[in-house]
Amino acid sequence: LVWIGTSILWLGWLYLRSPRHLRQALSRPRLMSAIVVPFLLVPTQITFQALKQSMAPVIGFHADLLLHRIDVALHQGMAWTWFEPLLMNPSLVRALDLLYMSWFGLLFLFMFWASWSSRQLLRQRALVALLLMWIGAGTVTAWVTSSAGPCYYQHVVSAADPYAPLLNRLDVIGAQGGALMARLNQAGLWEFHRHDTWAYFGGISAMPGLHVGIAVLFAVVALQRSKALGVLLIFYAALIQVGSVVLAWHYAVDGYLGAVLAIVCWRVAGTLTREQKVVRLSAEYRR
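Not measured: the values here are computed from a predicted model.

Here is what the cut-offs are and how they apply
Residues numbered from 1 in each chain as written. Predicted model: local features only at pLDDT ≥ 70, side-chain atom pairs only at ≥ 80, totals over all residues. Heavy atoms only, no water. Helix = DSSP H or I, 4+ residues; strand = E, 2+ residues; numbered from the N terminus. Rg over C-alpha atoms; globule rule 2.2 N^0.38 Å. Buried < 20%, exposed > 50% of the residue type's maximum accessible area, 1.4 Å probe, protein only. Contact = heavy atoms within 4.5 Å. Areas by Shrake-Rupley, 256 points an atom, 1.4 Å probe, with all protein chains shown as cover. Axes fitted to C-alpha atoms, helices over the stretch in contact; angles between N-to-C directions. Parallel < 35°, antiparallel > 145°, perpendicular 65-115°, else oblique. Left-handed = near helix turned anticlockwise from the far one by under 90°. Expected span 1.5 Å × (residues − 1). Arc of directions from axis to C-beta. Phe/Tyr/Trp six-rings, centres within 6.5 Å; stacked < 30°, edge-to-face > 60°. Lys NZ or Arg CZ within 6 Å of the ring centre and 35° of its normal.

> Explain the overall build of the protein here, please?
Scanning the protein for helices and strands turns up 13 helices and zero strands. Here the C-alpha radius of gyration of the protein, 21 Å, is about what a compact globule of 287 residues would show, namely 19 Å. By its C-alpha atoms, the protein is 70 × 40 × 35 Å across when sized along the principal axes. Counting the 287 residues in the protein, one finds 46% classified as buried. Taking contacts inside the protein between residues at least 6 apart in sequence as the whole, the part at least 24 apart equals 80%. Working note: accessible area of the protein is about 15,100 Å², and carbon and sulfur atoms make up 69% of it.

> Looking at this structure, I do not really get the packing of helix α6 (residues 90–116) against helix α11 (residues 210–223). What am I missing?
Helix-helix packing is described using two parameters, namely the angle between the two axes and the distance between the axes. Two numbers describe how α6 lies on α11: the axes approach to 11 Å, and their chain directions differ by 45 degrees. Looking at the two axes, α6 sits oblique to α11. As α6 runs across α11, the sense of the crossing is left-handed. On the side of α6, the interface is formed by Tyr100, Trp103, Phe104, Leu106, Leu107, Phe110 and Trp113, while α11 contributes Leu210, His211, Ile214, Ala215, Phe218 and Val221.

> Whenever I open this one, helix α10 (residues 181–194) confuses me. Can you help?
For the α-helix, the turn length of 3.6 residues means that residues three or four positions removed from each other point alike. For α10, with 14 residues, the first-to-last C-alpha span of 20 Å sits near the 20 Å given by 1.5 Å per residue. Within α10 the residues assigned to the buried category are Ala182, Arg183, Gln186, Leu189 and Trp190. One face of α10 carries all of its buried residues, which in axial projection span an arc of 130 degrees. If you follow the buried residues of α10, they end up packed against α6, α8 (153–156) and α9 (164–177). Trailing α10 by a residue or two, aspartate 196 shows a phi angle of about 55 degrees, which is positive.

> Quick question: what am I supposed to make of helix α1 (residues 2–17) here?
The end-to-end C-alpha distance of α1 is 23 Å, a good match for the 22 Å that 16 residues give at a rise of 1.5 Å each. Where α1 is concerned, the buried positions are Trp3, Ser7, Leu11 and Leu14. Seen end-on, α1 carries its buried residues on one side only, within an arc spanning 65 degrees. Counted as exposed and oriented over 90 degrees from the buried face of α1: Val2, Ile8, Leu9 and Leu16.

> Can you walk me through the packing of aromatic side chains in this structure?
Two measures describe an aromatic ring pair: the distance that separates the ring centres and the angle between the ring planes. Inspection of every chain in the model, using the stated rule, returns eleven aromatic pairs. Centroid distance tryptophan 3 to tryptophan 116: 6.2 Å. Interplanar angle 10 degrees. Geometry classified as stacked. Placement of tryptophan 3 in helix α1 and of tryptophan 116 in helix α6 is noted, with a sequence separation of 113 residues between them. A cation sits over an aromatic face here: arginine 125 above tryptophan 266, 3.9 Å from the ring centre.

Nothing here speaks to function; it is geometry throughout.
Below, the structure written as structure tokens:
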């Protein structure tokens, strides 16, 4: 419904600019692509959510202790302590909390652009890369490295919780001006997990950090259109990485791997779409 409403508004804006632009947008190839994209992405997302929410009941969270140790070795201590000055400023923490949630809106805008963009090869490559991220990074890698994340460390590792001071600080900030969205969502996700209940955008999976990985993918795609927008989204991805650690969603290494996987998926998608272009041109030549 949101996609349909946004599409109508966008098409109306095109008409006000120029009826010619509207006719171009409603040409058969672009209109069919615009319809196919959401019809493919919706079942893909539902399948991803089902797989994500089946991981913990089937294989449990076996990688948290290992990821924690890698994180500590890599950062010569707890990664979140690098941001202690930021944690002393509740306003900055709340801004990060809001920015982290804005990722979902940006994901919708990305899919909307991919539906209607006239840059056919670019949007094809972007969509293939996104699909590879969901399947490869979000499902296969997540199964291999099944983990819950710092906010659930106390529930999944039989040892003292080294993230308790971070969680206590976040809860103090929440007590001063209303609970942080991150802490509310973390509590809700754990309740769904504890009762083995399926939920929209549910499931607990820390590694790899898809929030960071897909934010990096946004930046890579944007760089193909606008250097300024690309740089802005690189900065956004960096803030998402900081937010994932400060808000106790992820170990820092989750985001690092997510960013690497985004670049790998982008390169693989480039190879696949180039091959498709060559096949299409060859077919046209034979005709």
